[in-house]
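# Residue-level structure breakdown
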Amino acid sequence: MIKKTINNVPILGFAAYSGTGKTTLLEALLPLLTESGLRVGVLKHAHHNFDVDKPGKDSYRLRKAGASQMLIASRYRHALMTETPEAEAEFEHLLARFDHQGLDLILVEGCKNIAFPKIELNRQQVGKPWLYVNDNNIIAIACDSQPETSLPTVDINDLSAIKALVINYLDADSKASAANCCDTLSPALLSVTQGQQKILDAIPLLKQSESVELEQALGRVLATDIASPINVPAYTNSAMDGYAIRGDDIGSSDFKVVGSVMAGYGFEGELQAGQAIQIMTGAPMPSGGDTVVMREQAVTSADRVSFGEAVIKQGQNVRQAGEDLAQGKPVFTAGTAIKSAELGMIASLGIDQVSVIKQLKVAVFSTGDEVQAPGSPLKANSIYDSNRYTIKSMLTQLGCNILDLGILADDESEMEQAIVTASEQADMIITSGGVSVGDADFIKNVLEKRGNVDFWRINMRPGRPLAFGHIDQVPFFGLPGNPVAVMVSFINFVEPAIKKMQGVREFTPLKVTAIASESLRSRQGRTEFSRGIYDFDPQSGQLSVKTTGKQGSGILRSMSEANCLIEIAPHVDMVKVGESVTIIPLQGRI
């Protein structure tokens, strides 16, 4: 029997359908466990809204007044109530809230769709199907019938027997327990996060830079900091259309209009007592003037202007020189990706050239005798090469310079020559195909001979076969052959690596939370990436998401229809309608 623990505290669930009597059974079981000297914590998952507080109590009133977290304490107990209107708290996060030093066991009521050891409760009169048939995390059964299973089974009304199941679980092999602590990942595999970190730890930062014209800088990454060579605004100016006056004259009944100034022009001379200047937005303030009254508040007659009952404050509606950005102050730091807004900001400072990280050069090729270039009749037993075009387009969107080596046949000497050439000419090498367990060993042999490569099986679907290493210090990625797996692997592993090499500070994929509008199934123990379509729900103010349909690794059309990847964590086997799930938006990536 394998335990799951968090901070060395074993976790055991009681799973059953509503109406089976989980709470009643636990209420009777807990005294037996505590009499045995066990310190027990309980996590109960409710599918409906609930409130442990009482209306009218101080804590209730303070929560309703806006406290997102409310901690109430007395001599005998304390309780923390946390509002989670945006998304339900994740299972692992809830488990982490316990004081583990004061516990020997955490029992979980509910959460039957999450992967952790559970005892199934079943009563015939409830009329619900067995859970153990589809859940290999069920370690024992308490029921009032005879299920066809080799799992330990006891009478659901025999509390002593159920207590014995719990004690046996606690006595399970501690080494097996440690292997399954919190992280459900098998030791033979790397999790997605572990794989990303190992790659990023091994990826060097490109140190070479070049100076480019501003027109060529879009999509590039700054190699050096940029400080403002000027004040922004460059001069004190009016923030709106109106009349410029002296602050000392506030309170005067009317003013003589002695001129008008437009943006791009100035007023000669100095504003005197009792005078006003008609001024437009962005026009420089006249000498002596320090206050602007809106045009809408002005009453004009010939060359006079008054402002009626308007409340005027000295200095209003005036933008001071350097107010937005003083000369010499930092604007952008090295590592900033230059997008449209950054490009416009740099241009507004009068800068026409910038120092950027050298453009990353990436060598790309596909492998396999069965792979054929588009543009010719498809041969028997062959497939058209889509992966190379997909990878090149994704590299283009990342601002890379591409060295296309075409399609390589399953010939070891040809592959070796191509890889050596790529390592001499490129900053990174990417291939697709040839790294799965069943593939020919040509690429593996070449890499072992010419480089330093580990072949990793990432605990994910699609995209499990992934090779990463170095050929003469040049990073190498061997992506899967399936088209969808190529894109999923690229987004999760290659894109962050490229951004790090380019010097981009934020190089991990953007992830947001959405509400499932359909049930999402996954195989427990691995990270599942489904192609999804998310929409914004104006009524709830939240994102909702559903899949594109069939999720086979070779269904390339599903990526064309998708606008996100749905990421389901290894400990979850099903996300129900209305539950939260993580998505990775695809806009700008594929």
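Let me sum up the structure you'll find in this document.

Rules behind the numbers
- Residues numbered from 1 in each chain as written.
- Predicted model: local features only at pLDDT ≥ 70, side-chain atom pairs only at ≥ 80, totals over all residues.
- Heavy atoms only, no water.
- 1 Å grid on protein atoms, 1.4 Å probe; cavity = no way out; pocket = protein on both sides within 12 Å on 5 of 7 lines; lining within 4 Å.
- Points joined across faces, edges and corners; volume = space filled by probe spheres on them.
- Helix = DSSP H or I, 4+ residues; strand = E, 2+ residues; numbered from the N terminus.
- Nonpolar A, V, L, I, M, F, W, Y, C, P; charged D, E, K, R; others polar.
- Buried < 20%, exposed > 50% of the residue type's maximum accessible area, 1.4 Å probe, protein only.
- Pairing = 2+ DSSP bridges.
- Axes fitted to C-alpha atoms, helices over the stretch in contact; angles between N-to-C directions.
- Parallel < 35°, antiparallel > 145°, perpendicular 65-115°, else oblique.
- Left-handed = near helix turned anticlockwise from the far one by under 90°.
- Contact = heavy atoms within 4.5 Å.
- Phe/Tyr/Trp six-rings, centres within 6.5 Å; stacked < 30°, edge-to-face > 60°.
- Lys NZ or Arg CZ within 6 Å of the ring centre and 35° of its normal.
- Salt bridge = Lys/Arg side-chain N within 4 Å of Asp/Glu carboxyl O.

### As for the layout of surface pockets
- Considering only enclosed or pocket space, the largest pocket measures out at about 2,100 Å³ in volume.
- Taken together, 40 residues make up the lining of the largest pocket; nearest its centre are Phe50, Leu80, Met81, Thr82 and Leu94.
- Listing elements by their share of the lining of the largest pocket, those giving two or more residues are β3 (40–44), α2 (58–64), β4 (69–73), β5 (78–82) and α3 (91–96).
- At five residues, β5 tops the list of elements feeding residues into the lining of the largest pocket.
- By residue class, the composition of the lining of the largest pocket is 17 nonpolar, 13 polar and ten charged.

### A short note on the pairing of strand β8 (residues 138–143)
- With respect to burial, β8 is a largely interior element, six of its six residues being buried.
- In the sheet, strand β7 (residues 118–122) pairs with β8 via five bridges, with the strands oriented parallel. Looking at β8, one finds that Leu121 is bridged to Ala142.
- Relative to strand β9 (residues 153–155), β8 is paired through three bridges, and the arrangement is parallel.

### Regarding unusual backbone geometry
- Across the junction of Val232 and Pro233, the peptide omega takes the value -5°, indicating a cis bond.
- With respect to the helices and strands, Pro233 occurs in the loop between β11 (226–227) and β12 (237–238).
- Unusually for a residue other than glycine, Ala302 sits at a positive phi of about 60°.
- Relative to the assigned elements, Ala302 resides in the loop between β17 (299–301) and β18 (304–306).
- With phi around 60°, Asn381 is a residue other than glycine that occupies positive phi space.
- Inspection of the secondary structure assignment puts Asn381 in the loop between β23 (371–372) and β24 (383–384).

### Details of the packing of helix α1 (residues 22–35) against helix α4 (residues 159–170)
- Between α1 and α4, the least distance of the axes is 10 Å, while the angle of their chain directions is 65°. Judged by the inter-axis angle, α1 sits roughly perpendicular to α4. Along this stretch, α1 crosses α4, giving a crossing that reads as right-handed. Residue-level inspection shows Leu25, Ala28, Leu29, Leu32 and Leu33 of α1 in contact with α4, the latter providing Leu159, Ser160, Ile162, Lys163 and Val166.
- Split by residue class, the contact of α1 with α4 holds eight nonpolar, one polar and one charged.

### Quick word on the packing of aromatic side chains
- Under the definition given, this model contains five aromatic pairs.
- Here Phe255 and Phe307 contribute two aromatic rings whose centre-to-centre distance is 5.6 Å and whose plane-to-plane angle is 50°, an arrangement assigned as tilted. Residue Phe255 is found in strand β14 (residues 255–261), and its partner Phe307 is found in the loop between β18 and β19 (318–319); the two are separated by 52 residues along the sequence. A single burial state applies to Phe255 and to Phe307, both of which are buried.
- Following the ring pairs from residue to residue traces out a cluster consisting of Tyr243, Phe255 and Phe307.
- One residue, Lys118, lies across the ring of Phe116, its end atom 5.0 Å from the ring centre.
- If you follow Lys128 out to its NZ or CZ, it ends over the ring of Tyr17, 5.7 Å from the centre.

### So, the pattern of salt bridges
- Scanning all chains against the criterion turns up 21 salt bridges.
- With a shortest N-O distance of 3.0 Å, Asp135 and Lys118 are connected by a salt bridge. Taken together, the residues Asp135 in the loop between β7 and β8 and Lys118 in strand β7 connect sequence positions 17 residues apart.
- Owing to a relative accessible area of 6%, Asp135 belongs among the buried residues under this scheme.
- On the basis of relative accessible area, Lys118 is assigned to the buried category, the value being 0%.
- The salt bridge involving Lys499 is made with Glu495; its shortest N-O contact spans 3.4 Å. Of this pair, Lys499 and Glu495 are both found in helix α11 (residues 483–502), four residues apart, which corresponds to roughly one turn of the helix.
- Lys499 gets classed as buried once you look at its relative accessible area, which sits at 18%.
- A relative accessible area of 3% means that Glu495 is categorised as buried.
- Where salt bridges share partners, they join Asp385, Arg388, Lys392 and Asp404 into one cluster.

### Quick look at empty space enclosed by the protein
- This structure, assessed with the given rule, holds two cavities of 30 Å³ or more.
- Estimates place the volume of the largest cavity at around 50 Å³.
- As for the largest cavity, its lining consists of Gly219, Arg220, Val221, Ile357, Lys358, Gln359, Leu360, Gly399 and Gln502.
- Here the residues of the lining of the largest cavity sort into three nonpolar, four polar and two charged.
- Put simply, the second largest cavity is a space of about 40 Å³.
- Along the walls of the second largest cavity sit Tyr17, Thr20, Glu120, Leu121, Asn122, Arg123, Val126, Gly127, Lys128 and Pro129, which together make up its complete lining.
- Residue composition of the lining of the second largest cavity, grouped by class: four nonpolar, three polar and three charged.

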